[in-house]
Amino acid sequence: MTTRTLLLRGMLVGLVAGLLVFAFARWVGEPQVERAIAFETAADQAKGEAPETEMVNRHVQKSIGLLTGTVVFGAAVGGLFGLVFAFAYGRVGEIGPRALSAVLAGLGYVAVVVVPNLKYPANPPSVGSPDTIGSRTGAYFLLIAVSIAAMVLSLQLRRRFAKRFGDWNGSLLAAGLFVVVVGLVSHFLPEVDEVPAGFPVTLMWKFRVASLEIQAVLWGALGLGFGWLTERRKGLR
């Protein structure tokens, strides 16, 4: 299994995962976006303001635009996943390709999706000030970087902890270290609360849950699809 082969395989699986994400996002995510846009339009009309001109109309956004975005993003994440798999395979003990792929996908979902969203959850249209988008985006990606670094550090130290305290205790200590590091960093990052008055709480909740579910589809498809294809190519069962 060469690195190039795993990279291309990851991109292929990521492309397929992107198609699944597109279908799921159309079914679960788009209705929440439509409701949020309707709220924003009604709020503008109540203020006597004209709605902003759309650079890309909604039909294109939720069809070819969404499809292009999910497929490109899926292929990119899949390629990175293949590279991480290439580095990890054979270095984390006697674990098969399918199990390793599932573990990496689960850890990636926690580090890249769950942790940042606990501090900066996804927001639907009409939530958030355009004036702070730069600082919000910077803080969000900083938290992702810290979360990934903390995950890598915890996994490295887990092996040392396991040798001294046993596998179970070593895993608990490594997980505790991860929680402490990301918790401290999150505490000192700026708070963001820019929800407009009157915005439906249920809509906010459903949008954020849908965002986590969409990412779960992506990472789940990557982990299961990549592992299955890799074992199949090696002639394993």
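The coordinates are above.
These remarks concern the structure in this document. (Residues numbered from 1 in each chain as written. Predicted model: local features only at pLDDT ≥ 70, side-chain atom pairs only at ≥ 80, totals over all residues. Heavy atoms only, no water.)

**Quick look at the layout of surface pockets**
Part 1 of the argument: The volume enclosed by the second largest pocket comes to roughly 160 Å³.
Part 2 of the argument: Looking at the second largest pocket, the residues that line it are L107, M151, S154, L155, R158, S171, A174, A175 and F178.
Part 3 of the argument: Among the secondary structure elements, those contributing two or more residues to the lining of the second largest pocket are α4 (133-165) and α5 (167-188).
Part 4 of the argument: Here the residues of the lining of the second largest pocket sort into six nonpolar, two polar and one charged. (1 Å grid on protein atoms, 1.4 Å probe; cavity = no way out; pocket = protein on both sides within 12 Å on 5 of 7 lines; lining within 4 Å. Points joined across faces, edges and corners; volume = space filled by probe spheres on them. Helix = DSSP H or I, 4+ residues; strand = E, 2+ residues; numbered from the N terminus. Nonpolar A, V, L, I, M, F, W, Y, C, P; charged D, E, K, R; others polar.)

**Quick look at the environment of F39**
Part 1 of the argument: Tracing the backbone shows F39 in helix α1 (residues 3-46).
Part 2 of the argument: C-alpha separation for the pair F39 and A111, spaced 72 residues apart in sequence, amounts to 32 Å.
Part 3 of the argument: The residues touching F39, leaving out its near neighbours within four places in the chain, are S126, P196, A197, G198, F199 and P200. (Contact = heavy atoms within 4.5 Å.)

**As for the nonpolar core**
Part 1 of the argument: Counting residues in hydrophobic clusters, the biggest one holds 26 residues, and the most contacted among them are F81, F85, L104, L218, W219 and F226.
Part 2 of the argument: The contacts of L218, once residues within four sequence positions are left out, are A17, V21, F73 and G74.
Part 3 of the argument: One finds V115, A150, M151 and F178 within the second-largest nonpolar core, a separate group that totals six residues. (Core = buried A, V, L, I, M, F, W, Y, C linked by side-chain atoms within 4.5 Å. Buried < 20%, exposed > 50% of the residue type's maximum accessible area, 1.4 Å probe, protein only.)

**A few points about a nonpolar patch on the surface**
Part 1 of the argument: The grouping of L12, L15, V16, L19 and L20 at the surface amounts to a nonpolar patch, some 430 Å² of accessible area in total.
Part 2 of the argument: Classification of L19 as partly exposed rests on a relative accessible area of 42%. (Patch = residues over 30% accessible without salt bridge, like charges linked within 9 Å, V, L, I, M, F, W, Y side chains within 5 Å. Areas by Shrake-Rupley, 256 points an atom, 1.4 Å probe, with all protein chains shown as cover. Salt bridge = Lys/Arg side-chain N within 4 Å of Asp/Glu carboxyl O.)

**Quick word on the environment of E94**
Part 1 of the argument: Within the secondary structure, E94 is located in the loop between α2 (58-88) and α3 (97-119).
Part 2 of the argument: Here E94 falls in the exposed class, since its relative accessible area comes to 88%.

**Looking at α5**
Part 1 of the argument: Under the 1.5 Å per step criterion, the end-to-end length of α5 is 32 Å for 22 residues, consistent within 8% with the ideal 32 Å.
Part 2 of the argument: Along α5, the positions that sit buried rather than exposed are G170, A174, F178, V182 and S186. Buried residues of α5, seen end-on, are gathered within an arc of 135 degrees and therefore sit on one face of the element. Summarising the geometry of α5, the exposed residues directed more than 90 degrees from the buried face are W168, V179, L184, H187 and F188.
Part 3 of the argument: Structurally, α5 contributes buried residues whose contacts are with α3 and α4. (Expected span 1.5 Å × (residues − 1). Arc of directions from axis to C-beta.)

**Some details on the pattern of salt bridges**
Part 1 of the argument: Following the criterion strictly, the structure yields two salt bridges and no others.
Part 2 of the argument: Between E231 and R98 there is a salt bridge whose closest N-O contact spans 3.6 Å. On the criterion of sequence distance, the pair formed by E231 in helix α6 (residues 201-233) and R98 in helix α3 is long-range, its members being 133 residues apart.
Part 3 of the argument: A residue is classified by how much of its surface remains accessible, and E231, at 9% relative accessible area, is buried.

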